[in-house]
Amino acid sequence: MKIQESKQGAVTVLKPAGPLIQTDAAEFRTVASRLMETSLGRFVVDLSAIPYVDSLGLETLVDVTEQLSASGQSLKLCAANKTLREVLNLAGVASLFEHFDDVNTAIRSFL
């Protein structure tokens, strides 16, 4: 899995590409954990290049947002496709995340 990292002001944007599944979830968690230590705690995950997630990928997103919340930091999701939004809803975890249509709107929400 390729994970593009960028900074827009005080916000860190992660854009993983490819399915967030068992084989890649650990890599995503590692990158997110590393960035938690070196950032201001404002994260946006751009899901536009994620076609689907499996249970481990979903668990990883939940774990990362819970870690951030416990330390007063925040993770927001953006640009999830219809399938991914449906999976979040069916799994009962959609309410754990703020979701935005695009990266810019998600970044502006931190202001």
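Below, the structure is looked at part by part.

Calculation rules
Residues numbered from 1 in each chain as written. Predicted model: local features only at pLDDT ≥ 70, side-chain atom pairs only at ≥ 80, totals over all residues. Heavy atoms only, no water. Helix = DSSP H or I, 4+ residues; strand = E, 2+ residues; numbered from the N terminus. Rg over C-alpha atoms; globule rule 2.2 N^0.38 Å. Buried < 20%, exposed > 50% of the residue type's maximum accessible area, 1.4 Å probe, protein only. Contact = heavy atoms within 4.5 Å. Pairing = 2+ DSSP bridges. Axes fitted to C-alpha atoms, helices over the stretch in contact; angles between N-to-C directions. Salt bridge = Lys/Arg side-chain N within 4 Å of Asp/Glu carboxyl O.

Let's shift gears to the overall build of the protein chain. A count of helical and extended segments in the protein chain gives four helices and five strands. Taken from N to C terminus, the helices and strands of the protein chain fall in the order β-β-α-β-α-β-α-β-α. Taking 2.2 N^0.38 as the reference for a compact globule, 111 residues should give roughly 13 Å; the C-alpha atoms of the protein chain span a radius of gyration of 12 Å, in line with that estimate. In terms of principal-axis extent, the alpha carbons of the protein chain reach across some 30 × 25 × 25 Å. Taken over 111 residues, the protein chain has a buried fraction of 42%. Considering only residue pairs separated by 6 or more positions, the protein chain has 70% of its internal contacts joining residues 24 or more positions apart.

Taken together, five strands build an open sheet; the order of strands is 1-2-3-4-5 and the sheet is mixed. What marks the edges here is a single partner per strand, and that holds for strand 1 (2-8) and strand 5 (98-100). This sheet shows a mean twist of 25 degrees between the axes of neighbouring strands, independent of strand direction. In this sheet, strand 4 (residues 74-78) lies alongside strand 3 (residues 42-46) in parallel orientation, the contact comprising five bridges. Paired with Asp46 across the bridge in strand 4 is Cys78. Taken strand by strand, helix 2 (residues 55-70) contacts strand 3 and strand 4, and its axis lies near 145 degrees from that of strand 4.

At Ala79, a position not held by glycine, the phi torsion is positive, near 60 degrees. The topology assignment puts Ala79 in the loop between strand 4 and helix 3 (82-90). Judged by its relative accessible area of 23%, Ala79 falls in the partly exposed class.

Tallying each qualifying case throughout the model produces three salt bridges. As a salt-bridge pair, Asp63 and Arg29 come within 2.9 Å of each other at their nearest N and O atoms. You can see Asp63 sitting in helix 2 and its partner Arg29 sitting in helix 1 (residues 22-38), a full 34 residues away along the chain. Since its relative accessible area comes to 22%, Asp63 is described here as partly exposed. Since its relative accessible area comes to 25%, Arg29 is described here as partly exposed. The partner of Lys76 in a salt bridge is Glu98, with the nearest N and O atoms 3.5 Å apart. With Lys76 in strand 4 and Glu98 in strand 5, this pair connects stretches of sequence that are 22 residues apart. Since its relative accessible area comes to 5%, Lys76 is described here as buried. Residue Glu98 is classed as partly exposed on the basis of its relative accessible area, which comes to 42%.

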